[in-house]
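Below are the chains, spelled out letter by letter.
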Amino acid sequence: MPKSIRLAVLPLALALLIGGQVAAHAQLAPLVLLDMMVKKSNKDAAATPGHAEWCAQHRPGYRPQWNNWLEKDGRVTYCASPYYTPPWKAPYKQ
C-alpha cells in the first residue's frame, strides 16, 4: 500500500476509534452519575443527626454505611426517616 493511501486512511481510522469510544461512554455516563448520587446521599444520611438511629430502630438489618437493608427476597431498600429522605424517595412536588 502506498504511503499516501496509508496517510489518508489514518484520519478515518482515528475517527472510527474516537467515535466508538464516545458511544461506550454515553452508555456508562448515566450509571456513573447514578452511583455518584447514591454515594452522596449515603454520606448525607450518615451526617444527619438522628437518621441512622431511627432507621436502626425501625428497620431490622439496617446498614448505616449504605443507608439501606436487604429484604427477605434479596432486594435492597433505602431508609427514609423523619430526619432524612433520599432524593429518589421524596414525594414529587410541582
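What counts, and at which threshold
- Residues numbered from 1 in each chain as written.
- Predicted model: local features only at pLDDT ≥ 70, side-chain atom pairs only at ≥ 80, totals over all residues.
- Heavy atoms only, no water.
- Buried < 20%, exposed > 50% of the residue type's maximum accessible area, 1.4 Å probe, protein only.
- Helix = DSSP H or I, 4+ residues; strand = E, 2+ residues; numbered from the N terminus.
- Arc of directions from axis to C-beta.
- Core = buried A, V, L, I, M, F, W, Y, C linked by side-chain atoms within 4.5 Å.
- Contact = heavy atoms within 4.5 Å.
- Salt bridge = Lys/Arg side-chain N within 4 Å of Asp/Glu carboxyl O.
- Polar contact = N/O pair within 3.5 Å; in protein donor to acceptor, adjacent residues only side chain to side chain.
- Phe/Tyr/Trp six-rings, centres within 6.5 Å; stacked < 30°, edge-to-face > 60°.
- pLDDT = per-residue confidence, 0-100.

## Let's talk about helix α2 (residues 51-58)
Right, on to step 1. Residues H51, W54 and C55 constitute the buried set of α2. Seen end-on, α2 carries its buried residues on one side only, within an arc spanning 95°.

## A short note on the nonpolar core
Right, on to step 1. Core analysis: the biggest nonpolar cluster contains 5 residues, these being W54, C55, Y62, W69 and C79.
Right, on to step 2. Among residues more than four places away in sequence, those in contact with W69 are R59, P60, G61, Y62, R63, R75, V76, T77, Y78 and C79.

## Things to note about the pattern of salt bridges
Right, on to step 1. With the rule as written, the count across this model stands at 3 salt bridges.
Right, on to step 2. A salt bridge links K39 to D35; the shortest N-O distance between them is 3.1 Å. You can see K39 and its partner D35 sitting in helix α1 (residues 3-47), 4 residues apart, about one turn around the helix.
Right, on to step 3. Look at K39 and you get partly exposed, because its relative accessible area is 49%.
Right, on to step 4. Here K40 ties to D44 by a salt bridge, and the two come within 2.9 Å at their closest N and O atoms.

## Re the environment of A52
Right, on to step 1. Inspection of the secondary structure assignment puts A52 in helix α2.
Right, on to step 2. Sequence spacing of A52 and R63 is 11 residues, and the spatial spacing of their C-alpha atoms is 8.7 Å.

## A short note on the side chain of S81
Right, on to step 1. Tracing the chain through its elements places S81 in the segment after β2 (76-78).
Right, on to step 2. At a separation of 2.6 Å, a polar atom in the side chain of S81 contacts the side chain of H51.
Right, on to step 3. Of note is the side chain of S81, whose polar atom sits 3.0 Å from the backbone nitrogen of Y83.

## A look at the packing of aromatic side chains
Right, on to step 1. Inspection of every chain in the model, using the stated rule, returns 1 aromatic pair.
Right, on to step 2. Plain terms: the ring middles of Y78 and W88 are 5.2 Å apart, the flat faces sit at 85° to each other, and that makes the pair edge-to-face. Taken together, the residues span a long stretch of sequence, with Y78 in strand β2 and W88 in the segment after β2 at a distance of 10 residues.
Right, on to step 3. Relative accessible area serves as the criterion here: at 34%, W88 is assigned to the partly exposed category.

## So, the side chain of H51
Right, on to step 1. Looking at where H51 falls in the secondary structure, it is placed in helix α2.
Right, on to step 2. Take H51: its relative accessible area is 0%, and that puts it in the buried class.

## As for the confidence of the model for the protein chain
Right, on to step 1. On average, residues of the protein chain score 85 in pLDDT, and 83% of them reach the 70 mark or higher.
Right, on to step 2. The spread of mean pLDDT over the elements of the protein chain runs between α1, the lowest at 79, and α2, the highest at 96.

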